[in-house]
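Observations on chain architecture
Here is how the chains run, residue by residue.
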Amino acid sequence: MLSQTQDADQSGPPVLEGSGLLKVEKSPPGVVNDIKLAFFLAVYDVRHRYARSIIGPFWITLQTAFFVGCIGFVFSAISAVSTRDFLPYFAISFVLWSFLSGSTNNSTTTLLDAGGFIKDRGLPAYVFFLQCFFRHLLFLAHNIAVPILLFVFLGGTTFFRVIAAIPGLVIFAGVTLCLSLVVGSLATRYRDVQPVVESLMNLAFLASPIMWKPDLLSGREFLLHYNPVVHLLAVWRDPMLNGVMPWGSFAISLMFLAVLASLAWYALTQLRNAPFWI
């Protein structure tokens with residue numbers, strides 16, 4: 001049960017009462033407090049999902065490990081690639097793609113699920129998009145253990161290469177957040193957007209070098225240049241695995257982020273109408 005106190009002087013963070021009830025203390029209006037609230041709701045959501053589980057959220061890690069292991073061995077044989085080289089490549093690609101696709105797909109129903117809080121409690125609609133983003137960021141924090149273990153035991157990268165990949169990872173996270181805001185707002189306003197987004201994300205997964213390496217398109221590499229997901233993957237994966245920054249993909253990803261950020265800003269200005277869309 002979500003409840004708010006009416007004392008505007010109380011500015012403390014949300015707390016989880018001993019009784020297990022979710023109590024959100026009303027904080028002064030502001031972006032920082034909204035971000036804190038969104039993060040708290042995301043943490044509570046993950047904990048609630050695995051409340052009666054023995055290993056809790058680490059089921060997320062085990063599910064990813066099983067999938068990466070099974071698919072990795074199969075596709076390394078199909079692609080005639082060494083399993084030692086392919087498993088770390090596929091693991092890190094799949095984990096980061098799951099973060100983007102999961103956040104984007106879930107954003108299409110985020111405001112519909114939070115309709116009561118938006119209409120009855122008057123909470124800003126964008127808080128729930130941030131909650132969705134933080135929730136999948138927490139999933140990523142659990143899933144990232146799989147490629148880390150593979151890198152430790154099989155090799156494939158170094159500490160300095162991981163540091164070099166940070167700018168690309170920041171761009172990737174920014175694109176994920178902005179895309180979720182844009183797609184989620186559109187899907188709330190126009191319900192036909194949701195199945196279209198899900199279909200496009202599935203198509204992008206198959207058409208992008210995640211379960212296969214770009215070398216597989218020998219002689220047709222030019223096709224990859226028209227896929228924005230390829231560039232979003234390259235800006236952090238190439239520095240991490242190959243030690244080289246693809247500056248062309250870096251520039252394209254920055255332009256893609258700038259366009260999405262502009263659209264996300266416009267979407268935020270329209271979210272005041274969200275109670276009428278739900």
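What counts, and where the lines are drawn
- Counting restarts for each chain, with residues numbered from 1 along the sequence as it is written.
- Two thresholds apply to this predicted model, a pLDDT of at least 70 for residue-level local features and 80 or more for giving and counting side-chain atom pairs, whereas whole-chain, interface and lining totals are computed over all residues.
- The basis for every side-chain value is the complete set of non-hydrogen atoms in the structure, without hydrogens or water.
- Under the scheme used here, helices are H or I runs from DSSP no shorter than 4 residues and strands are E runs no shorter than 2 residues, and both carry numbers assigned from the N terminus.
- Exposure classes here rest on a 1.4 Å probe applied to the protein chains alone. A residue is buried below 20% of its type maximum, exposed above 50%, and partly exposed in between.
- Throughout, a residue-residue contact means that at least one pair of heavy atoms, one from each residue, lies within 4.5 Å.
- Exposure was quantified through the Shrake-Rupley algorithm and a 1.4 Å probe, taking into account, for residues, occlusion by the shown protein chains and nothing else.
- The span one expects for a helix is its residue count, reduced by one, times 1.5 Å.
- What counts as a salt bridge is simple: a side-chain nitrogen of Lys or Arg found within 4 Å of a carboxyl oxygen of Asp or Glu.
- Put simply, two rings from Phe, Tyr or Trp (the six-membered ring, in Trp's case) pair if the centres are within 6.5 Å, and we call them stacked under 30 degrees between planes, edge-to-face over 60, tilted for the rest.
- A ring has a charge above it when a Lys NZ or an Arg CZ is no more than 6 Å from the ring centre and no more than 35 degrees off the ring normal.
- Residues belong to one nonpolar core when they are buried, are Ala, Val, Leu, Ile, Met, Phe, Trp, Tyr or Cys, and are joined through side-chain atoms within 4.5 Å.
- Residues qualify for a patch when their relative accessible area is over 30% and they have no salt bridge, like charges being joined within 9 Å and the nonpolar side chains of Val, Leu, Ile, Met, Phe, Trp and Tyr within 5 Å.
- Fitted lines through C-alpha atoms serve as axes, helices being fitted only where they are in contact, and the angles separating the N-to-C directions of these axes extend from 0 to 180 degrees.
- pLDDT expresses how confident the predictor is about each individual residue, on a scale running from 0 to 100.

1. Observations regarding the overall build of the protein
Tallying secondary structure elements over the protein gives 12 helices and 2 strands in all. Taken from N to C terminus, the helices and strands of the protein fall in the order β-β-α-α-α-α-α-α-α-α-α-α-α-α. Counting over 278 residues, the protein shows a buried share of 44%. Residue pairs at least 24 apart in sequence account for 69% of intrachain contacts in the protein once pairs closer than 6 positions are excluded. Accessible area for the protein stands at about 14,700 Å²; split by element, carbon and sulfur atoms hold 67% of it.

2. Side note on helix α1 (residues 31-49)
Here α1 is 19 residues long and its end C-alpha atoms lie 27 Å apart, about the 27 Å a rise of 1.5 Å per residue gives. Within α1 the residues assigned to the buried category are Asp34, Leu37, Ala38, Phe40, Leu41, Ala42, Asp45 and Val46.

3. Focus on the pattern of salt bridges
The full count for this structure, using the stated rule, is 2 salt bridges. Arg49 serves as the salt-bridge partner of Asp45, at 3.6 Å between the closest nitrogen and oxygen. Of this pair, Asp45 and Arg49 both sit in helix α1, 4 residues apart, roughly one helical turn. Asp45 sits in the buried class, given a relative accessible area of 17%. Note on Arg49: relative accessible area 47%, which makes it partly exposed. Note that Asp45 and Arg135 form a salt bridge whose closest N and O atoms lie 3.0 Å from each other. With a gap of 90 residues between them, Asp45 in helix α1 and Arg135 in helix α5 (residues 126-143) connect regions that are remote in the sequence. Residue Arg135 is classed as buried on the basis of its relative accessible area of 9%. Put simply, Asp45, Arg49 and Arg135 are held in one network by salt bridges that share partners.

4. Brief notes about the packing of aromatic side chains
Enumeration over the complete set of coordinates arrives at 14 aromatic pairs. By way of ring pairs, the aromatic residues Phe67, Phe86, Tyr89, Phe90, Phe94, Trp97 and Phe205 are connected into one cluster. A cation sits over an aromatic face here: Lys213 above Tyr89, 5.2 Å from the ring centre.

5. As for the nonpolar core
Formed by 71 residues in total, the largest nonpolar core has its most connected members in Val68, Phe90, Trp97, Leu111, Phe128, Phe172 and Trp236. Broken down by element, the residue count for this core peaks at 13 residues, all from helix α3 (residues 83-113). Discounting residues that sit within four places of it in the chain, Phe172 has contacts with Leu96, Phe99, Leu100, Leu232, Leu233 and Trp236.

6. Some points on α5
Along its 18 residues, α5 runs 26 Å from first to last C-alpha, staying within 8% of the 26 Å computed at 1.5 Å per residue. Counting buried positions along α5 gives 15 out of 18 residues, so the element sits mostly inside the fold.

7. Regarding the environment of Pro147
Structurally, the position occupied by Pro147 is in helix α6 (residues 145-154). Take Pro147: its relative accessible area is 0%, and that puts it in the buried class. Considering only alpha carbons, one finds Pro147 and Val68, 79 residues apart in sequence, at a separation of 9.2 Å. Non-local contacts of Pro147, meaning those with residues more than four positions away in its chain, are made with Ala91, Ile92 and Val95.

8. Brief notes about a nonpolar patch on the surface
On the surface, Ile54, Ile55, Phe58, Trp59, Leu62 and Phe66 cluster together to form a nonpolar patch covering roughly 670 Å² of accessible area. By the secondary structure assignment, Ile55 is in the loop between α1 and α2 (58-78).

9. Digging into the packing of helix α8 (residues 166-189) against helix α9 (residues 193-207)
At a closest axis distance of 8 Å, the pairing of α8 and α9 adopts a crossing angle of 140 degrees. Note on element contacts: α9 touches α8 through Val193, Gln194 and Val197, opposite Val183, Leu186 and Ala187.

10. Re the confidence of the model for the protein
For the protein, mean pLDDT is 87; residues scoring 70 or higher make up 90% of the total. Within the model, the stretch residues 1-21 combines pLDDT values under 50 with 44 contacts to residues more than four positions away or in other chains.

11. Describing unusual backbone geometry
Within the chain, Ala80 stands out as a residue other than glycine whose phi angle is a positive 55 degrees. When you line up the elements, Ala80 lands in the loop between α2 and α3.

12. Observations regarding the environment of Lys36
Mapping Lys36 onto the fold places it in helix α1. Once the C-alpha coordinates of Lys36 and Val127 are considered, the two residues, 91 residues apart in sequence, prove to be 9.3 Å apart.

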